[in-house]
Amino acid sequence: MSYPQLLTPEEKLADAKAGLKVPTIVVICGSTRFMDAMADADCELTAVGYIVVKPGCNMKEPHPLWADPVEAEALKAQLDDLHRAKIRLADEVLVVGDYIGSSTRAEIAYARQLGKPVGFTHPEVDPAVARQILGTTNPTTTKES
């Protein structure tokens, strides 16, 4: 006698979203230097029916929440964890901007590890494409501008 296999948490979430008829969820990733472009992408995607999540804090801009360097460091770690949760929740990832820093590179790798489709507003900055152009699979040889 065989028993049905239990659903994974990912399968349960997908089933729940389908049952609730939740629209596709897109998470926007990228350097916070592109916050204006992220807001534009959010508006465009929302207008065509997507649910959009993106970074909510721009730590490059002064704010009392991260004025203290020690508190800022702790908040940055907390925000990184929160953004990874947004990636887990999302169906797709959109990377905004023509620059990929180390945080965004890690988010892209995490999304791909989870099997999430990753799109780019500037496809030429995709770390996978850059490695192919350079003829290597070593990410340390990929140049960052």
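Quick note: structure is the one above.
Residues numbered from 1 in each chain as written. Predicted model: local features only at pLDDT ≥ 70, side-chain atom pairs only at ≥ 80, totals over all residues. Heavy atoms only, no water.

Visitor: What exactly am I supposed to notice about the overall build of the protein chain here?
Guide: A count of helices and strands for the protein chain gives 5 helices and 4 strands. By residue count, 32% of the 145 residues in the protein chain fall in the buried class. Excluding contacts between residues fewer than 6 apart, the proportion of contacts in the protein chain whose partners are at least 24 apart in sequence is 64%. (Helix = DSSP H or I, 4+ residues; strand = E, 2+ residues; numbered from the N terminus. Buried < 20%, exposed > 50% of the residue type's maximum accessible area, 1.4 Å probe, protein only. Contact = heavy atoms within 4.5 Å.)

Visitor: What should I look at first to understand the nonpolar core in this one?
Guide: One recurring pattern in soluble globular proteins is that nonpolar side chains are buried together. Of all hydrophobic cores here, the largest spans 14 residues; its most connected members are Ile87, Val93, Val95, Val118 and Phe120. Among the elements of the structure, strand 1 (25-29), strand 3 (92-95), helix 4 (102-113) and strand 4 (118-120) are those that each provide at least two residues to this core. When near neighbours in sequence (up to four residues on either side) are disregarded, Phe120 contacts Leu94, Val95, Ile100, Ile108, Arg112, Val125, Asp126 and Pro127. Counting residues in hydrophobic clusters, the runner-up holds 10 residues, among them Ile28, Phe34, Leu45 and Leu94. (Core = buried A, V, L, I, M, F, W, Y, C linked by side-chain atoms within 4.5 Å.)

Visitor: Explain the packing of aromatic side chains to me, please; I cannot follow it from the model alone.
Guide: To describe a pair of aromatic rings, you give the distance between the ring centres and the angle between the ring planes. With the rule as written, the count across this model stands at 0 aromatic pairs. Sitting above the plane of the Tyr99 ring, Arg33 keeps its charged end 4.1 Å from the centroid. (Phe/Tyr/Trp six-rings, centres within 6.5 Å; stacked < 30°, edge-to-face > 60°. Lys NZ or Arg CZ within 6 Å of the ring centre and 35° of its normal.)

Visitor: What's the story with the pairing of strand 1 in this structure? I'm lost.
Guide: Side-chain positions along a regular strand alternate between the two faces of the sheet. Judged by how many residues are buried, strand 1 sits mostly within the fold: 5 of 5 residues are covered. The handedness of the strand 1 to strand 2 (residues 51-53) crossover, carried by helix 2 (residues 35-47), is right-handed. (Right-handed = clockwise from strand over helix to strand, strands pointing away.)

Visitor: Even after reading the chapter, I still don't get the sheet that holds strand 1, so can you show me in this structure?
Guide: As a general point, the strands of a sheet are linked pairwise by backbone hydrogen bonds and lie either parallel or antiparallel. Strand order in the open sheet formed by 4 strands is 2-1-3-4, with parallel pairing between adjacent strands. Looking at which strands have only one partner, the edges of the open sheet turn out to be strand 2 and strand 4. The sheet shows a mean angle of 25° between the axes of neighbouring strands, taken without regard to direction. Here strand 1 pairs with strand 2 via 3 bridges, running parallel. Across the sheet, the residue bridging to Ile25 is Ile51, located in strand 2. Strand contacts of helix 3 (residues 69-89): strand 1, strand 2 and strand 3, with the helix running at about 145° to strand 1, the strand carrying the most contacts. (Pairing = 2+ DSSP bridges. Axes fitted to C-alpha atoms, helices over the stretch in contact; angles between N-to-C directions.)

Visitor: How should I be thinking about the pairing of strand 3 in this particular structure?
Guide: Pairing analysis gives 4 bridges linking strand 1 to strand 3, with the strands arranged parallel. The residue bridging Val26 from the neighbouring strand is Glu92, located in strand 3. Considered for its hand, the β-α-β crossover made up of strand 3, helix 4 and strand 4 is right-handed.

Visitor: Can you walk me through unusual backbone geometry in this structure?
Guide: Working note: non-glycine residues mostly have negative phi, and peptide bonds are mostly trans. Even without glycine at this site, Lys21 takes up a positive phi of about 55°. With respect to the helices, strands and loops of the structure, Lys21 is situated in the loop between helix 1 (9-19) and strand 1.

Visitor: When you look at a nonpolar patch on the surface in this model, what are you seeing that I'm missing?
Guide: On the surface, Leu20, Val22 and Ile51 cluster together into a nonpolar patch covering about 250 Å² of accessible area. By relative accessible area, Val22 is classed as partly exposed at 30%. (Patch = residues over 30% accessible without salt bridge, like charges linked within 9 Å, V, L, I, M, F, W, Y side chains within 5 Å. Areas by Shrake-Rupley, 256 points an atom, 1.4 Å probe, with all protein chains shown as cover. Salt bridge = Lys/Arg side-chain N within 4 Å of Asp/Glu carboxyl O.)

That is the geometry; function is a separate question.
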